[in-house]
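As a plain string of letters, each chain reads:
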Amino acid sequence: MDKDRVFFFDTTLRDGEQSPGCSMYMAEKLRMARQLEILGVDVIEAGFAVASDGDFTSVEQIARVVRGPRIASLARAKSEDIITAARALEHAGRSRIHIFLASSDIHLEYKLKISREQALEQADQSVRLARSYVDDVEFSPEDATRTDPDFLCKIVQVAVDAGATVINLPDTVGYTVPLEYAELFRMLIERVRDIDKVMLSCHCHNDLGMGVANSLAAIEAGARQVECTINGIGERAGNSALEEIAAAMHVRHDRLPYRHALALNQLYPTSQLLSEIIGFKPSPNKAVVGSNAFSHEAGIHQHGVLSNPLCYEIMTPALVGVPANRMVLGKHSGRHALGHRLEELGFTLDVHEMEVAYSRFIEVADRKKSVYDQDLIAIVHMHLRQVPAAEQRSASTIASSQA
Ligand code: KIV
Ligand code: ZN
């Protein structure tokens, strides 16, 4: 395996969807999953199959339709959850069951009301059961960052011995700090037998605003899967934002020399699609995809940027798919302007698709004064064929992190 390759595990449809105001209908989840495929994520956590009929159907449908990324379902360390996840994933091209079981004393005592010994037994049984259905099983000791380090090593050892292929250390409550989180990974690498045979993964919440910093520290310490969400949505203060991690790896490739399969110019279109679906945008000052991320207000900054954008910009808007041309489209805009903006958003349409897009665009423009990027992305997703991921990525963006 390529030791510098980082795998992006997107949990927008599971951990992200769990947060207030972010729930999505089945058809919306499918649209989002298709866009995540175009973006080039490696794994899509499509839901928590046992949680509800809706979640089951979403995981099942996404597993049937989305072929590029591996499709994962979350499961507690219980037979019912694992069997239900396996059923939902039956038609996936590549699947993963993601088992979580709390390992911190506070969770064991007050939430699960089980002893450490019982937790070890449950971890062993559940990973073995999941492995009897799928060949890829992720194990997450929930609240890993507040777990007694010796017990963490023990439970991870049990999961590895039982056949887990990925070990994820969730910072469930957003409590850790970068150096401490990195040490946790180094400790496992040193103390757990055969840990080199599994992939290590990080999963950070943003309660102290350090989700992305913690994720990057974990990667530097040996994690090769990073779990994150679009726009950083998720429980409470959210999860690590995918677009921030990807942009950091590109801009600071000198310090973060990793490769990945993301098409960076799809970051903004993906962010826009999510905003359109859940009905709210990231805050204007949100890094990478916020509406102010590339605007310059202060005169001295404007002057500098006009002389040389590098004075105040560490990446170009185009890198992440933000259209350079912020002209608002409306019913007087022609096919040429529409085609140009769609191209900027990463969609290459043939003549027939362009006609379909244009007539839908006019319908929307008749109803709304201005047609925004998220409207255009919705038109492409709802009315046109799925554009193959390969077409969407320019060679330069696929290899962006190698630049
Ligand atoms: O934050 C968390 O602990 C989780 C687990 C289910 C992985 O989301
Ligand atoms: Zn989480």
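Parameters and conventions
- Residues numbered from 1 in each chain as written.
- Chains lettered and ligands numbered in written order.
- Predicted model: local features only at pLDDT ≥ 70, side-chain atom pairs only at ≥ 80, totals over all residues.
- Heavy atoms only, no water.
- Helix = DSSP H or I, 4+ residues; strand = E, 2+ residues; numbered from the N terminus.
- Rg over C-alpha atoms; globule rule 2.2 N^0.38 Å.
- Contact = heavy atoms within 4.5 Å.
- Areas by Shrake-Rupley, 256 points an atom, 1.4 Å probe, with all protein chains shown as cover.
- Lys, Arg positive; Asp, Glu negative; His and termini not counted.
- Charge placed at Lys NZ, Arg CZ, Asp CG, Glu CD.
- Axes fitted to C-alpha atoms, helices over the stretch in contact; angles between N-to-C directions.
- Nonpolar A, V, L, I, M, F, W, Y, C, P; charged D, E, K, R; others polar.
- Near = heavy atom within 4 Å.
- Polar contact = N/O pair within 3.5 Å; in protein donor to acceptor, adjacent residues only side chain to side chain.
- Pairing = 2+ DSSP bridges.
- Buried < 20%, exposed > 50% of the residue type's maximum accessible area, 1.4 Å probe, protein only.
- Right-handed = clockwise from strand over helix to strand, strands pointing away.
- Domains from an automatic or database assignment.
- Buried area = accessible area lost by both parts, 1.4 Å probe.

**Points about the overall build of the chain**
Phase 1: Counting its secondary structure elements, the chain contains 17 helices and 8 strands.
Phase 2: Its C-alpha atoms give the chain a radius of gyration of 22 Å, within 12% of the compact-globule value 22 Å for 403 residues.
Phase 3: Taken over the C-alpha atoms alone, the chain extends approximately 70 × 45 × 40 Å along its principal axes.
Phase 4: Residue pairs in contact within the chain that sit at least 24 positions apart in sequence constitute 74% of those at least 6 positions apart.
Phase 5: Of the roughly 17,300 Å² that the chain leaves accessible, carbon and sulfur atoms contribute 53%.
Phase 6: For the chain, the centre of its 42 positive side-chain charges and the centre of its 54 negative side-chain charges are spaced 2 Å apart.

**Thoughts on the packing of helix α3 (residues 53–65) against helix α4 (residues 79–88)**
Phase 1: Direction vectors running N to C along α3 and α4 enclose 40°, while the axes themselves pass 8 Å from each other. Each of F56, V59, E60 and A63 in α3 lies in contact with α4, whose residues at this interface are T84, R87 and A88.
Phase 2: Per-class residue counts for the contact of α3 with α4 are 4 nonpolar, 1 polar and 2 charged.

**Section: the site of ligand 1**
Phase 1: Close contacts around ligand 1 come from R14, D15, H98, F100, S140, E142, P170, T172, H203 and H205, and that covers them all.
Phase 2: One of the side-chain nitrogen or oxygen atoms of R14 is found 3.0 Å away from an oxygen atom of ligand 1.
Phase 3: Notes on ligand 1: free accessible area 260 Å², of which the protein chains cover 95%.
Phase 4: Among the secondary structure elements, those contributing two or more residues to the shell around ligand 1 are α1 (12–16), β4 (95–102) and β5 (137–142).

**Here's the deal with the sheet that holds strand β7 (residues 199–204)**
Phase 1: One closed barrel accounts for 8 strands, arranged β1-β2-β3-β4-β5-β6-β7-β8; its pairing is parallel. The average angle at which neighbouring strand axes cross in this sheet is 25°, direction not considered.
Phase 2: Where strand β1 (residues 7–10) and strand β8 (residues 225–228) come together, 4 bridges link them in parallel fashion. Bridge pairing in β8 links F9 to E227.
Phase 3: Together, β4, β5 and β6 (166–171) form the strand contacts of helix α7 (residues 149–162), whose direction differs from that of β5 by roughly 165°.

**Points about the environment of T57**
Phase 1: One can find T57 in helix α3.
Phase 2: Spatially, the C-alpha atoms of T57 and E183 are 39 Å apart, while their sequence positions differ by 126 residues.

**Structural notes on the pairing of strand β3 (residues 70–76)**
Phase 1: Here β3 lies mainly inside the structure; 6 of its 7 residues are buried.
Phase 2: Two elements, strand β2 (residues 43–47) and β3, share 4 bridges in a ladder whose sense is parallel. From the neighbouring strand, G47 faces β3, where its bridge partner is S73.
Phase 3: Regarding topology, α3 serves as the crossover connection from β2 to the parallel β3, and that connection is right-handed.
Phase 4: Relative to β4, β3 runs parallel, the two sharing 6 bridges. Residue pairing across strands places R76 opposite F100, the latter belonging to β4.
Phase 5: Since β3 and β4 lie parallel, the crossover through α4 that links them has a hand, and here it is right-handed.

**Some points on the domain arrangement of the chain**
Phase 1: When cut into domains, the chain gives domain 1 (7–278) and domain 2 (297–391).
Phase 2: Computed over C-alpha atoms, the centres of domain 1 and domain 2 are 32 Å apart.
Phase 3: Every contact between the two is made by 17 residues of domain 1 and, on the other side, 20 residues of domain 2.
Phase 4: Across the domain 1 to domain 2 interface the summed buried area is about 1,600 Å²; carbon plus sulfur atoms make up 67%.
Phase 5: Together, R31, I38 and Y268 form the three largest contributors to the area buried by domain 1 at its contact with domain 2, with a combined 32%.
Phase 6: Linking domain 1 to domain 2 there are 5 residue pairs in polar contact (both at pLDDT 80 or more).
Phase 7: Taken together, the elements giving at least two residues each to the side of domain 1 that touches domain 2 come down to α2 (26–39), α10 (242–251) and α11 (267–278).
Phase 8: Broken down by element, the side of domain 1 that touches domain 2 gets its largest block of residues, 6 residues, from α11.

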